[in-house]
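Structure assessment
The primary structure of each chain is shown beneath.
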Amino acid sequence: MPATPQHDAGPVPAGSTPRDRGEPRALGCRPAVPVRCGSLSLTVTRPGRGTAAVVVHVAGELDVLTAPALRALLWPRLVCAARTVVVDLSQVTFLGLAGVRVLDAALLRASAGEVDLRVVTGPRCVERALELTGAASRLDCHGDVATALRVAPRPAGRRMRWWHGETCPTVR
């Protein structure tokens, strides 16, 4: 029996979402009003008209208290009509394990929906946290937003690297 996709509110019956019916889900792709959560600031931008990309800009400390705010803002963007979602961590001053876990979970969710998730690193604290947790080898990391947007999308059905070093085909 095929697994039923999960949504934050519970199981989503097959064929009940706009994407399942072939309709674009533009709502999650619209730029959002900047969100502030403690020392964290989140904004969403579209790099240009006609682009199938969304950039989520993160600034401040991404830790156990602020990671849920990133998750809440990021999840709708991973199921919208955008084919590329860039998470810009270049203004992050601290990246804790909870933030890395959000990025790992976002990678799994993006792969299931055949969305390219790209991460812009930047400060040494971000690069170090990603390296120490092994997330740097799983995530598609770039030095700046322009480079992340220029990279050609990976082909559908790409393979992902998991924690154990094993590979697993993406869920379709």
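Residues numbered from 1 in each chain as written. Predicted model: local features only at pLDDT ≥ 70, side-chain atom pairs only at ≥ 80, totals over all residues. Heavy atoms only, no water.

1. A look at the pattern of salt bridges
When charged atoms on two side chains of opposite charge get close, those side chains can pair. Counted only if it meets this: We define a salt bridge as a side-chain nitrogen of Lys or Arg found within 4 Å of a carboxyl oxygen belonging to Asp or Glu. Elements are defined by DSSP. Helices are runs of H or I of four residues or more, strands are runs of E of two residues or more, and each kind is numbered from the N terminus. Only protein chains enter the area calculation, which uses a 1.4 Å probe; residues under 20% of their type maximum are buried, those over 50% are exposed, and those in between are partly exposed.
Per the counting criterion, the structure on display carries 5 salt bridges. When the shortest N-O distance is used, the salt bridge between R124 and E127 registers 3.8 Å. Here R124 and its partner E127 are both found in helix 3 (residues 124–133), 3 residues apart, which amounts to about one turn of the helix. Judged by its relative accessible area of 47%, R124 is partly exposed. Taken together, the shared-partner salt bridges in this structure form one network comprising D116, R118 and D140.

2. Some details on the confidence of the model for the protein chain
Spelled out, the test is: The pLDDT value tells you how sure the predictor is about a given residue, anywhere from 0 up to 100. Every residue pair with non-hydrogen atoms within 4.5 Å of one another is taken to be in contact.
This prediction gives the protein chain a mean pLDDT of 75; 68% of its residues lie at or above 70. The low-confidence segment residues 1–28 (pLDDT under 50) makes 32 contacts with residues lying over four places distant or belonging to another chain. Across residues 157–172 the pLDDT falls below 50, and counting only partners more than four positions away or on other chains, this stretch makes 35 contacts in the model.

3. Regarding helix 1 (residues 67–74)
The condition is simple: Arc definition: directions from the helix axis to the C-beta atoms.
Within helix 1 the residues assigned to the buried category are A67, A69, L70, L73 and L74. The arc enclosing the buried residues of helix 1, seen along the axis, measures out at 160 degrees, which places them on a common side. Taken together, the buried residues of helix 1 touch strand 3 (35–37), strand 4 (40–45), strand 5 (53–62), strand 6 (84–95) and helix 2 (97–112).

4. With respect to helix 3
Here helix 3 has its buried residues at V126, A129 and L130. For helix 3, the angular spread of buried residues about the axis comes to 95 degrees, placing them on one side. Where helix 3 is buried, its residues touch strand 6, helix 2, helix 4 (135–138) and strand 8 (140–142). Positive phi appears at G134, one or two residues downstream of helix 3, with a value of about 85 degrees.

5. Details of the nonpolar core
Stated precisely, the cut-off is as follows: Nine residue types can take part in a nonpolar core, namely buried Ala, Val, Leu, Ile, Met, Phe, Trp, Tyr and Cys, and a core is a set of them joined through side-chain atoms within 4.5 Å.
Ranked by size, the top nonpolar core spans 35 residues in total, and within it V58, L74, L78, L89 and L117 carry the most contacts. Elements that contribute at least two residues to this core include exactly strand 4, strand 5, helix 1, strand 6, helix 2, strand 7 (116–120) and helix 3. Ranked by the residues each element gives to this core, the list is headed by helix 2, at 6 residues. Every residue in contact with L74, bar those within four places of it in the chain, is listed here: V56, V85, V87 and A106. Listed in part, the 5 residues of the second largest apolar core include V55, V86, V120 and A148.

6. Examining the side chain of T84
Tracing the backbone through its elements, the reader meets T84 in strand 6. When neighbours within four sequence positions are excluded, T84 is seen to be in contact with A52, A53, V54, V115, D116 and R118.

7. Focus: the environment of V102
One can find V102 in helix 2. Exposure remark for V102: the relative accessible area of 10% places this residue in the buried category. Along the primary structure V102 and A67 are separated by 35 residues, whereas in three dimensions their C-alpha atoms are 6.8 Å apart. V102 has contacts with A67, L70, R71 and W75, leaving out every residue within four places of it along the chain.

8. With respect to the environment of T45
Threshold: Nitrogen and oxygen atoms within 3.5 Å of one another constitute a polar contact, given that in protein one can donate a hydrogen and the other can accept it, and given that sequence-neighbouring residues count only through two side-chain atoms.
For T45, the location among the structural elements is in strand 4. Sequence separation between T45 and V55 is 10 residues; the distance between their C-alpha atoms is 5.2 Å. Here T45 is in contact with V54, V55 and H57, once residues within four sequence places are set aside. Polar side-chain contacts of T45 include one of 3.0 Å to the side chain of H57.

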